[in-house]
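# Structural description and commentary
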There are 2 protein chains.
Amino acid sequence: MDVTFDGQRLRAGREAREQFYDSRGYGRPRGGELELAPVEAAHLLFRGDIDSVRDQRESQNRLGFESLLASTAVSEVSFFVYKDLRDRGFYLSPARGSGDDTDRPSAQQPTGDADSEGAPGEFVVYPRGQGPWDDTVAYRVRAVSEREDVPARELRTLVERADSEGATAVLAVVDEESEVTYLELAAQGIEGATDHTLPSVQGTLLSDRVLVADPPAVLYERAFYGQQLDPEGQVQLSLVEAAYLADTGTLEVDESQEGDPVDRLRDRGRAVEGARFDRRLQVYSALRKAGVVPKTGFKFGADFRTYAEVTSVEELGHSELLVRVLPAEHVFAPRDLALDVRLAHGVRKRMVFALAGEGLSWLVAERLTP
Amino acid sequence: MDVTFDGQRLRAGREAREQFYDSRGYGRPRGGELELAPVEAAHLLFRGDIDSVRDQRESQNRLGFESLLASTAVSEVSFFVYKDLRDRGFYLSPARGSGDDTDRPSAQQPTGDADSEGAPGEFVVYPRGQGPWDDTVAYRVRAVSEREDVPARELRTLVERADSEGATAVLAVVDEESEVTYLELAAQGIEGATDHTLPSVQGTLLSDRVLVADPPAVLYERAFYGQQLDPEGQVQLSLVEAAYLADTGTLEVDESQEGDPVDRLRDRGRAVEGARFDRRLQVYSALRKAGVVPKTGFKFGADFRTYAEVTSVEELGHSELLVRVLPAEHVFAPRDLALDVRLAHGVRKRMVFALAGEGLSWLVAERLTP
């Protein structure tokens, strides 16, 4: 079988179309012939379904699996993901022209043709038993190396594209042993059902928190603000809790001192954490306003753990989410993403990244076995 | 009982010395009297053992627990750790003059007197049943807030000081609910017993790894380099494995191309990871030279997991360590430290931070219940 390679894509005749596309979902028909992406040809070479391809550029040299993989046309990171999904029984195609292939951080990605190749390392995966001749997409998968950082912005774009085609967005991370870990990503609103009314409260600002010497019972026991210093006694509020309560008019702090109490609390928060404090306050406020109770997620390495419905601390259920607060321009290291998701899974919670900038967006990440 | 406060330390008479120092380890004798650190006085106030202290600076005002804690003399972070260790049955004292209290990042720490107060937030904890009148120190504890970043350098200094007095170094992190998490820190050499001899190997450089088309069996099966692409077939090496093997003269890569192969591999590694690749290679090489086999720790969110003794991949045991590679000047966020330690504990491994700079130092961190 004659398969030719022009440096970007591969072409084969009618026989290949019947054998590879019609029955197994490789490539795309072009007239009566078949066009293959380099990653698809690499897989056919790896399986031995084709022996070699003819390189039209270099005096008709023949390329085998190893030499195609060593060329810049296909990254082995994409190949491992392609192969793994094929091994799991899926048909898949390189994604069509997403147009984001110019601003990717890695210099080693194939440049490809946006129309035929799509974003480098991005695939559309069809439901099992379906293929490129159907209209349904099960997963939109982006393949990255364990070593390659991924901007949060690109993950949000991936989710948007997946949502628009009714698919699940997936980050497929190829580790240094070429094993693939799949992380499902979703944009999701947060909603809870916690509701209460608070009387006004007086507090004293300490260095790293606020002490409420004479708290109304509802503050801690029903609304779950702060922590009791001793049973039925004083309540200490974290700075982020205090800043939110001052901002909503519930908390008054050291009225003897000058300046707006919210500013004083913010300044104290920023003194240690800088802009991270503002982001945490932004996320804390959004969660509280959504009826969710955020408490520290320190024991889980997160900013917050959250309770969707608190009616009393005595009858507190299991917290559902772990929230990590990040700036909107954050760049994820796949290792850290995997760590967060793994830990959250281990404690039966969902991992949520709160991307705080001018607005706020939520990115939920979970392990996935396709 | 008359206890006076000059803004930095507190003094009380002979009666206090008998009642608080001799029988319960508070303070330090000065002549026949007792000198108390603010955190010790705060604890006595909290317990009701003293009612108030007399502030010598401000027209003999009397201070109670809340007003002492709200002053700059004592941080409530130190107080919560002091109280928690007391509740656990330990006697402890603020550390004497460690001299590092001038370059700490937080502006809210009491400045204190280096001779009497030691590093702010640093305590020496005596073995249970012992106290400041004995010579033994069980733990040297540094108290920090969940929100406060801690430079790796300061943790190394803490470990050195603890080692010099035969004590265990402990970072005590106070979370926003004022709960204390204890992390034991140790500087520790890494040693393994893996031993093998490798013949020279030929590889092809792909974009993100090296393919060895015809590997000697020992490469993967005995020395556990790389991963098999298919059983008994080609082996792919990660860039860090390949750079180490090229550096030690075992691996030859694409002899047709120009330039030193180690440089080419390093350049490829740096293209994606920058200086992080050099640090990972430095740590990988040190581990291999110590007889330990490092493999990717991706699934655990770490750089490497390690095997102390590999004789064959078929009989591979449990990996013992998770290694995270960091620059020597790294600043830890307590949340991330807690996350790493918690995950390592959950998979029955030890968490090791490799601090890579001009030299290399190891910091082992584990959960501790004092």
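Calculation criteria
Residues numbered from 1 in each chain as written. Chains lettered and ligands numbered in written order. Predicted model: local features only at pLDDT ≥ 70, side-chain atom pairs only at ≥ 80, totals over all residues. Heavy atoms only, no water. Axes fitted to C-alpha atoms, helices over the stretch in contact; angles between N-to-C directions. Helix = DSSP H or I, 4+ residues; strand = E, 2+ residues; numbered from the N terminus. Left-handed = near helix turned anticlockwise from the far one by under 90°. Contact = heavy atoms within 4.5 Å. Nonpolar A, V, L, I, M, F, W, Y, C, P; charged D, E, K, R; others polar. 1 Å grid on protein atoms, 1.4 Å probe; cavity = no way out; pocket = protein on both sides within 12 Å on 5 of 7 lines; lining within 4 Å. Points joined across faces, edges and corners; volume = space filled by probe spheres on them. Pairing = 2+ DSSP bridges. Core = buried A, V, L, I, M, F, W, Y, C linked by side-chain atoms within 4.5 Å. Buried < 20%, exposed > 50% of the residue type's maximum accessible area, 1.4 Å probe, protein only. pLDDT = per-residue confidence, 0-100. Buried area = accessible area lost by both parts, 1.4 Å probe. Salt bridge = Lys/Arg side-chain N within 4 Å of Asp/Glu carboxyl O. Polar contact = N/O pair within 3.5 Å; in protein donor to acceptor, adjacent residues only side chain to side chain. Least-squares fit on C-alpha atoms with pLDDT ≥ 70 in both. Expected span 1.5 Å × (residues − 1). Phe/Tyr/Trp six-rings, centres within 6.5 Å; stacked < 30°, edge-to-face > 60°.

## Details of the packing of helix α2 (residues 38-47) of chain B against helix α4 (residues 76-87) of chain B
All names here are of chain B.
- Put simply, α2 and α4 touch, their axes get as near as 10 Å, and they point 65° apart. α4 is crossed by α2, and the crossing has right-handed handedness. From α2, V39, E40, A42, H43 and F46 reach across to α4, where they touch S78, F79, Y82, K83 and R86.
- When grouped by side-chain class, the residues that make up the contact of α2 with α4 number five nonpolar, two polar and three charged.

## So, the layout of surface pockets
- Estimated volume of the largest pocket: approximately 850 Å³.
- A:R324, A:D336, B:R324, B:H330 and B:D336 are, among the 35 residues lining the largest pocket, the residues nearest its centre.
- Listed by contribution, the elements that provide at least two residues to the lining of the largest pocket are α10 (275-289), β20 (321-327), β21 (331-332) and α11 (334-346) of chain A together with α10 (275-289), β20 (321-327), β21 (331-332) and α11 (334-346) of chain B.
- Taken together, the residues of the lining of the largest pocket break down into 18 nonpolar, two polar and 15 charged.

## Notes on the sheet that holds strand β1 (residues 4-5) of chain A
All names here are of chain A.
- Strand order in this open sheet of six strands is β3-β4-β2-β1-β5-β6, and the pairing throughout is mixed. Each of the sheet's edge strands pairs with one partner strand only, and the pair in question is β3 (28-30) and β6 (62-63).
- Taken together, the two bridges between β1 and strand β2 (residues 10-12) define a ladder with antiparallel strand orientation. Opposite F5, over in β2, you have L10 as the bridge partner.
- Sitting on the sheet, helix α1 (residues 14-24) touches β2, β3 and β4 (33-36), and the angle it makes with β4 is about 60°.
- Along the sheet, helix α2 (residues 38-47) makes contact with β1, β2, β4, β5 (53-55) and β6, crossing β4 at roughly 100°.

## Description of the nonpolar core
- Core analysis: the biggest nonpolar cluster contains 70 residues, and A:L185, A:L337, B:L185 and B:L337 have the highest contact counts within it.
- Sequence-distant contacts of B:L337, that is, excluding residues within four places in its chain, are made with B:L155, B:L171, B:L183, B:F332, B:F353 and B:A365.

## Some remarks on the confidence of the model for chain A
Residue and element names in this part refer to chain A.
- Considering every residue of chain A, the mean pLDDT works out to 90; 92% of them sit at 70 or more.
- Throughout residues 98-118 the model reports pLDDT below 50, and contacts reaching past four residues in sequence, or to other chains, amount to 57 contacts.
- Reported confidence for the predicted complex is 0.87 by ipTM and 0.90 by pTM.

## Describing the interface of chain A and chain B
- At the junction of the two partners, chain A supplies 68 residues and chain B supplies 68 residues.
- Summing both partners gives a buried area of about 6400 Å² for chain A against chain B, and 51% of it is carried by carbon and sulfur.
- Inspection of the chain A/chain B interface yields 22 salt bridges.
- For B:R305, the salt bridge goes to A:E177, with nearest N and O atoms at 2.9 Å.
- Our enumeration of links across chain A and chain B arrives at 42 residue pairs in polar contact (both at pLDDT 80 or more).
- Among the elements that line the side of chain A that touches chain B, the one with the most residues is α11(A), at eight residues.
- Of the residues that constitute the side of chain A that touches chain B, the class distribution is 27 nonpolar, 15 polar and 26 charged.

## Let's talk about the pairing of strand β16 (residues 235-238) of chain B
Residues and elements named next belong to chain B.
- Alternating positions in β16 separate into two faces, V235 and L237 on one and Q236 and S238 on the other, with burial throughout.
- For strand β15 (residues 227-228) and β16, the ladder comprises two bridges, and the chain directions are antiparallel. In the sheet register, Q228 faces β16, and the bridge partner there is V235.

## Digging into α2(A)
Residue and element names in this part refer to chain A.
- With eight of its ten residues buried, α2 lies for the most part within the structure.
- Every buried residue of α2 is listed here: P38, V39, E40, A41, A42, H43, L44 and L45.
- Residue G48 follows α2 closely and has a positive phi angle near 85°.

## Some points on the pattern of salt bridges
- Tallied over the entire structure, the rule returns 74 salt bridges over all chains.
- Here A:K299 and B:D175 are joined by a salt bridge, their closest N and O atoms 3.6 Å apart. Taken as a pair, A:K299 in the loop between β18 (293-296) and β19 (304-307) and B:D175 in the loop between β11 (168-174) and β12 (180-187) lie in two separate chains rather than in one.
- A relative accessible area of 25% places A:K299 in the partly exposed class.
- Residue B:D175 is classed as buried on the basis of its relative accessible area of 3%.
- Of the charged contacts in the structure, one is a salt bridge between B:R47 and B:D49, with a shortest N-O distance of 2.7 Å.
- Among the charged side chains, a salt-bridge network with shared partners connects A:E76, A:E146, A:R147, A:D149, A:E176, A:R335, B:D208, B:R209, B:E273, B:R276, B:R280 and B:D303.

## Section: the relation of the copies chain A and chain B
- Screw-axis analysis of chain A against chain B gives a translation of 0.0 Å along the axis, an RMSD of 0.1 Å, and a rotation angle of 180°. Such values leave the two copies arranged in the relation of a two-fold axis. No C-alpha of chain A approaches the rotation axis more nearly than that of A:L343, which lies at 3.2 Å.
- The fraction of interface residues of chain A whose copies in chain B are also interface residues reaches 100%, indicating that both copies meet through the same surface.

## What to know about the side chain of A:S312
Residues and elements named next belong to chain A.
- Relative to the helices and strands, S312 resides in the loop between β19 and β20.
- Of the residues examined, S312 reaches a relative accessible area of 17% and is grouped as buried.
- Among the polar contacts listed, one links the side chain of S312 to the backbone nitrogen of E314, at a separation of 3.2 Å.
- Residues contacting S312, with those up to four places away along its chain left out, are E221 and R222.

## A short note on the pairing of β20(A)
All names here are of chain A.
- Burial of β20 is extensive: seven of the seven residues sit out of reach of the surface.
- Alternating positions in β20 separate into two faces, L321, V323, V325 and P327 on one and L322, R324 and L326 on the other, with burial throughout.
- In the sheet, β19 pairs with β20 via three bridges, with the strands oriented antiparallel. What sits directly across from F304, in β20, is V323.
- When β20 meets strand β22 (residues 350-356), the two strands line up parallel, connected through seven bridges. The residue bridging V325 from the neighbouring strand is A354, located in β22.

## What about the sheet that holds β16(B)?
Residue and element names in this part refer to chain B.
- Read across the open sheet, the five strands follow the order β15-β16-β14-β13-β17; overall the sheet is mixed. The open sheet terminates on both sides in strands that have one partner only, identified here as β15 and β17 (251-253).
- With respect to the sheet, helix α8 (residues 239-247) is in contact with β13 (201-205), β14 (209-212), β16 and β17, its orientation differing from that of β16 by roughly 90°.
- Contacting β13, β14 and β17, helix α9 (residues 261-273) crosses the sheet at an angle of about 75° to β17.

## Details of helix α6 (residues 152-164) of chain A
All names here are of chain A.
- Here α6 spans 19 Å end to end across 13 residues, near enough to the 18 Å set by a 1.5 Å rise per residue.
- Buried within α6 are the following residues: A152, E154, L155, L158, V159, R161 and A162.
- Of the residues one or two after α6, G166 is the one with positive phi, at around 70°.

## Let's talk about the packing of aromatic side chains
Residues and elements named next belong to chain B.
- Scanning the model with the defined rule gives 30 aromatic pairs over all chains in all.
- When the centroid spacing of 6.3 Å and the interplanar angle of 75° are considered together, the rings of F20 and Y26 count as edge-to-face. With respect to class, F20 is no different from Y26; both count as buried.
- Relative to Y139, the ring of F90 lies with its centre 5.9 Å away and its plane at 75°, an arrangement referred to as edge-to-face. Taken together, the positions of F90 in the loop between α4 and β7 (92-94) and Y139 in strand β9 (residues 139-145) put the pair 49 residues apart, joining distant regions of the chain.
- Take F90: its relative accessible area is 3%, and that puts it in the buried class.

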